[in-house]
Structure formats: C-alpha cells, structure tokens
Amino acid sequence: MSDASKPSWLVKAFCLLVVVYPIFNRYQAPFVNQLTLSEFALLILCLYSFVFVGLMRKRFALPLLVLIAYLLFHIVLDYTQLIGSDLSDSVGTCLRVIFIYAALAVFSRDLFDRIFAIRALSIVAVVVAAYGLLQVYASSAGIVLTTYIPFLTIMGDLNMDIEIANKVNFGLKYRCQSILNEPAALCCYLILPLILCLFPEGKGNSDSRPRYLFAVFFSLVCFVSASSTGIIAVCAVWLAFALFGKQSSKGAKAEKGAIIVVSVLLIAMVAAYSGILEYFINRTFGGGISGSTRFYALGDMFSESDTLYGVLFGAGLQETTNYLPGFARTYFCLGLVGLVVFIAYFAYIFKNAGLQGRMVVAFFVVLNVGTEILLGNFAVYYLAFAISDSADVQESSERGLDGIRYRPEVLHDA
C-alpha cells in the first residue's frame, strides 16, 4: 500500500486513540452499550480503513494467525463445555480479544507514526501524572477529587469515586489513580512513557537523548501511588536502563550514572519520609507472596484446573471469582495451549523489534505477572509501540539500509 493511500488524519487518529485507549476504556460507547468508548472508536477506524483504505488485504504474521485460530477454536470448545451467562461471557471476551489483537496488528504496521505518537503520549502522560499528584495534595486537605472525565457515561455499575470516598471515610490510606481505574492502572499507564523516555530511538538529534526529567517525574508519581506492581516495575525499568541504556560517549555514560544515583536517592527519600516505603513493604511482603493482593488466588487457580482438559484448554474466558494476574488468568481461562500461543506471539514481536520495542514487550510481560493487562485494553496501548518498532526493523532490512531505521515522513491527505 502506498503512502498516498493513507490519510494523515487517519494516522493521527489511530495514534491518539492508542495514547488514550486505557483512559477512555472506562466509558460506555454511544448507541452500543456492550462496547467501551475506546472499542467503539477502534471499530469505527477499522470499518473506515477496510472500506476506503484497503487494509483488509494485509497479511498477518504466522504467530498472530495461530493465536487468532486458537481463540476461534476455543469458542467452539466453549459451546461444548459452558452454558448460560458463562458461555456468553467467554465467547464475547474471546471475540473482544481477537478484535483487539487483529486490529492492533494491522493498524500498528500501516497507520502508526511513532514520532507523533510518542510526542502525544508525552503530553497526555504529564497531564495524567500531574493530576495524580493533585489528587494526593487535595486528599491531605480532606478533598477527594474525581477520577472520571465529566459528561462521559461510566461503563458498568461500579463508580470508583464512591468506592474511594468510602475507603477514605473508613480511614484507609488514600492512593491516587488519576483518571484510571486504580493505582496499579495509573502505574501501567506511566511505565510506557518512562520506557520511551529512557530508551529513545532517535539518532543524532534531540530525540536521541534520554529525557531524564520526565522519567524521574513519572517514576515519582508511581511511587506516590503506592502500587506494589508500579514500584517494582519502575525499579526494574531503571535497572534495565543502567544495564542496557545506550550512550554514545564516556561523558554521557557518566552523566547517566550520576542521574540514576540522584534519581534513586530522591525517590527513596520521598518514599521513606512519606510512609510510602513502609506501606509498600507491609502490603507486598506482610502476608507473603501468595497472601498479597495480586497473588492470593494462585493456589485456588491450580486446584480448580486439575483436569487434563482444564490444564490444556482452561475454563473459558468467563469472569473469575478471584483476581488473577495476566499470565495466571490466561492459563486458567485458555489453558496451557493458550498461554503458549500468547507467549510465542510476544516472542515474535520481541525478536523483530529494536531496543525500544524489546523493552516495551519485556515490561508488558513483566507487568502481566502482577496485573491483568494481557487480555485487555492495555495490550493496545503497549503493543502498538512494539509492533510498529518491529515493522520499522523489518522494513529497514528489506530496504538494505545497513541498520539505519526507516522512519516514515508525516503523511499527507490523499
């Protein structure tokens, strides 16, 4: 497909949708109550692109085809194993996951301007992080700020503002979540721009240097949120930067080392003096790993999937009674086969991506140890940057550019 057939507004619309996808996934779509606002917008872009741009002709990578084929096969299995609401829940969720991953693969390879998307994400992430800090400041004065965007219809019956107010009135510690579903979701949102800040891909320009100020800011907000998953992930990102972050000169390496030390000391001081560090240790390790909020149901998961069918194919993508993180939930719902096909797809993206894309995939995997983002909206948010990076690497190889990354120019309207 030639660049002339790609309208610039469509490219920018998809990039912006990726950036705000987890934020607007909390709201109900107009006219179709079963879809979130983010899913509805992605569906509209898909329909337009298939009809007017011809993206239907694009081929999928083999690992993705295997993933989609398995999910379709699992729908057939669901009809033989489940009934009633469990059946409709599992089939509906399977179709949702197929839609997300198929649309993500097509758009990310053909309609994703990484430079524009990264700049847009930087702006939105700063606003999201700043509002999180404002929530903490307001809570100290007894004011609980809303976590919702005005005039949008909330998806589902649960109003998080009411839940948060009840917890505060009960005397529990206030934890900011900005305009996301929970503190862990806020951290999941900020980890991606943190990675993009510390692992830039520009060469010979201002985009080639790590943006330390933004990185420290995003890290600080993750610590303030007191999310165990977020704090561990932030530490892991900085450790990965210390080990794998590229610098072109000895002076730049020394600067990186100094900034890492200062950043760690600054964040540690804030965490210690605010009581966040003590809260994090008690919440994460007080009851042991299996007793913490993210892992308490792992024992029940294995005991409930003790048949050969359960081990291989899972219980279906129905709602679970207890909370299960991403990989645990995938195993429980889709079985060992489902877990393997997902891991194979992530490995394919990782293998074909550059350093930045590999870091995005790696930390998407890390986050799924403690959160359930693998089967939800954050897959669009993270993997769009990794898949597009993989596409850039492959196109560079095909053009014989000796490792120089292909960067599409800003597209013009057809």
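Calculation rules
- Within any chain, residue numbers begin from 1 and follow the written order of that chain's sequence.
- Local features in this predicted model are restricted to residues whose pLDDT is 70 or higher, and side-chain atom pairs enter the listing and the counts only when it is 80 or higher, whereas totals over whole chains, interfaces and linings include all residues.
- Neither water nor hydrogens contribute to the side-chain values; these are computed over all heavy atoms in the structure.
- Labels follow the DSSP assignment, with helices taken as runs of H or I lasting at least four residues and strands as runs of E lasting at least two, numbered in each case from the N terminus.
- Exposed residues in this analysis have more than 50% of their type's maximum accessible area, buried residues have under 20%, and partly exposed residues fall in between, with area computed by a 1.4 Å probe over protein chains only.
- By definition, residues are in contact when any of their heavy atoms lie within 4.5 Å.
- In these tables, accessible area is a Shrake-Rupley quantity obtained with a 1.4 Å probe, and a residue counts as shielded only by the protein chains included in the view.
- Here the nonpolar core consists of buried residues drawn from Ala, Val, Leu, Ile, Met, Phe, Trp, Tyr and Cys, with membership extended through side-chain atoms lying within 4.5 Å.
- Here, a salt bridge means any side-chain nitrogen of Lys or Arg that lies within 4 Å of a carboxyl oxygen of Asp or Glu.
- Note on aromatic pairs: the rings of Phe, Tyr and Trp (six-membered ring only in Trp) are paired at centre separations within 6.5 Å, and the planes decide the class, stacked below 30 degrees, edge-to-face beyond 60, tilted for the rest.
- Our definition puts a charge over a ring when NZ of Lys or CZ of Arg is within 6 Å of the ring centre and also within 35 degrees of the ring normal.
- Axis definition: a line fit to C-alpha positions, over the contact stretch in the case of helices; interaxial angles, taken between N-to-C directions, run 0 to 180 degrees.
- Angles are sorted into four bins: roughly parallel if under 35 degrees, roughly antiparallel if over 145, roughly perpendicular if 65 to 115, and oblique for all others.
- Left-handed describes a crossing whose near helix is turned anticlockwise from the far helix by less than a right angle; the clockwise case is right-handed.
- Under the convention adopted here, Pro, Cys and the residues Ala, Val, Leu, Ile, Met, Phe, Trp and Tyr are nonpolar, Asp, Glu, Lys and Arg are charged, and Gly plus all remaining residues are polar.
- Every patch collects residues that have over 30% relative accessible area and no salt bridge, joining them within 9 Å if they carry like charges and within 5 Å if they are nonpolar side chains (Val, Leu, Ile, Met, Phe, Trp, Tyr).
- Every helix has an expected span of 1.5 Å times one less than the residues it contains.
- Each residue carries a pLDDT value, the predictor's own confidence for that position, ranging from 0 to 100.
- We call two N or O atoms a polar contact when they sit within 3.5 Å, provided that within protein one can donate a hydrogen and the other can accept it, with sequence-adjacent residues counted only if both atoms are side-chain atoms.

Trainee: Could you give me a rundown of the overall build of the protein, with the residues and numbers involved?
Mentor: For the protein, the helix and strand inventory stands at 16 helices and 0 strands. Sorting the 414 residues of the protein into buried and exposed places 50% on the buried side. Here the contacts in the protein between residues at least 6 apart in sequence split such that 72% fall between residues at least 24 apart. In the form shown here, the protein has an accessible surface area of approximately 19600 Å², with 66% of it arising from carbon and sulfur atoms.

Trainee: I'd like a description of the nonpolar core, backed by residues and values.
Mentor: Y101, Y189, I191 and F346 are the most contacted members of the largest nonpolar core, which totals 108 residues. Considering each element in turn, this core owes the most residues, 13 residues, to helix 7 (residues 183-198). Residues in contact with Y189, not counting those within four places in the same chain, are V19, P22, I23, L121, V124, A125, V128, L180, F378 and Y381.

Trainee: Quick rundown of the pattern of salt bridges? Include the residues and the values.
Mentor: Scanning the model with the defined rule gives 1 salt bridge in all. Linking R96 and E39 is a salt bridge whose minimum nitrogen-to-oxygen distance equals 2.7 Å. Taken together, the residues R96 in helix 4 (residues 84-110) and E39 in helix 2 (residues 37-53) connect sequence positions 57 residues apart. Residue R96 is classed as partly exposed on the basis of its relative accessible area, which comes to 31%. Look at E39 and you get buried, because its relative accessible area is 6%.

Trainee: I'd like a rundown of the packing of aromatic side chains, residues and numbers included.
Mentor: Scanning all chains against the criterion turns up 23 aromatic pairs. A connected cluster of aromatic rings, assembled from ring pairs, spans Y101, Y189, F342, Y345, F346, F364, F378, Y381 and Y382. Over the ring of F214 we find R211; its NZ or CZ atom is 5.6 Å from the centre of that ring. The ring of F350 carries the charged tip of R358 above its face, separated from the ring centre by 5.1 Å.

Trainee: Please give an account of the environment of L35 that cites residues and values.
Mentor: If you trace the backbone, L35 turns up in the loop between helix 1 (8-24) and helix 2. In this structure the C-alpha to C-alpha distance between L35 and N25, which are 10 residues apart in sequence, comes to 8.9 Å. With residues up to four places along the chain from it excluded, the contact list for L35 reads Y27, Q28, A29, F40, L43, R96 and M155.

Trainee: Report on the packing of helix 3 (residues 62-81) against helix 14 (residues 326-352), specifying residues and quantitative values.
Mentor: One way to put it is that helix 3 packs onto helix 14 with a least axis distance of 8 Å and a crossing angle of 160 degrees. Considered as vectors, helix 3 and helix 14 are oriented roughly antiparallel to each other. Crossing handedness for the pair helix 3 and helix 14: left-handed. Across from P63, L64, V66, L67, Y70, L71 and H74 in helix 3, the residues of helix 14 making contact are C333, L334, V337, G338, V341, F342, A344, Y345 and Y348. A per-class count over the contact of helix 3 with helix 14 returns 14 nonpolar, 2 polar and no charged.

Trainee: Give a detailed account of the environment of A386, specifying residues and quantitative values.
Mentor: With respect to the helices, strands and loops of the structure, A386 is situated in helix 16 (residues 378-399). It is 9.9 Å that separates the C-alpha atoms of A386 and R114, two residues lying 272 residues apart in sequence. Leaving out residues up to four positions away in the same chain, A386 has contacts with I349, A353, G357, V360 and V361.

Trainee: Account for the packing of helix 7 against helix 15 (residues 355-370), with residues named and values stated.
Mentor: At their nearest, the axes of helix 7 and helix 15 sit 10 Å apart, and the two run at 155 degrees to each other. Taken together, the axes of helix 7 and helix 15 lie roughly antiparallel to each other. Crossing hand, helix 7 versus helix 15: right-handed. Residue-level contacts link C188, I191, L192, I195 and L196 of helix 7 to Q356, M359, V360, F363 and L367 of helix 15.

Trainee: Now, about a nonpolar patch on the surface: what can you tell me, with residues and values included?
Mentor: A cluster of nonpolar side chains, namely F60, L62, L65 and V66, defines an oily patch on the protein surface of about 350 Å² accessible area. The topology assignment puts F60 in the loop between helix 2 and helix 3. Assessed through its relative accessible area of 30%, F60 is described here as partly exposed.

Trainee: Lay out helix 9 (residues 228-244) in plain terms, naming residues and giving numbers.
Mentor: Over its 17 residues, helix 9 runs 24 Å from end to end, which matches the ideal 24 Å to within 8%, given 1.5 Å per residue. Every buried residue belonging to helix 9 is among S228, T229, G230, I231, A233, V234, V237, W238, A240 and F241, and all of these are buried.

Trainee: So what's going on with the confidence of the model for the protein? Residues and values would help.
Mentor: Taken as a whole, the protein shows an average pLDDT of 81; of its residues, 75% reach a score of 70 or greater. Low pLDDT, under 50, characterises residues 288-292; the predicted model gives this stretch 6 contacts beyond four residues in sequence or across chains. Low confidence marks residues 398-414, where pLDDT is under 50. Its contacts with residues over four positions away, or in another chain, come to 29 contacts.

Trainee: Please provide a residue-by-residue account of unusual backbone geometry, values included.
Mentor: Notably, F151 is not glycine yet its phi reads approximately 75 degrees, a positive angle. In this structure, F151 sits in the loop between helix 5 (114-140) and helix 6 (160-170). Taking the relative accessible area as the measure of exposure, F151 reaches 86% and is therefore exposed. Residues other than glycine seldom take positive phi values, yet S178 does so here, at roughly 55 degrees. Looking at the secondary structure, you find S178 in the loop between helix 6 and helix 7.

Trainee: Could you give an account of the environment of T146, with specific residues and numbers?
Mentor: Considering the arrangement of structural elements, one finds T146 in the loop between helix 5 and helix 6. When the C-alpha positions of T146 and Q135 are compared, they lie 8.4 Å apart, and in sequence the two are 11 residues distant. Excluding residues within four positions of it along the chain, T146 makes contact with Y131, Q135, D161 and S178. Within polar-contact distance, the side chain of T146 engages the side chain of D161 at 2.5 Å.

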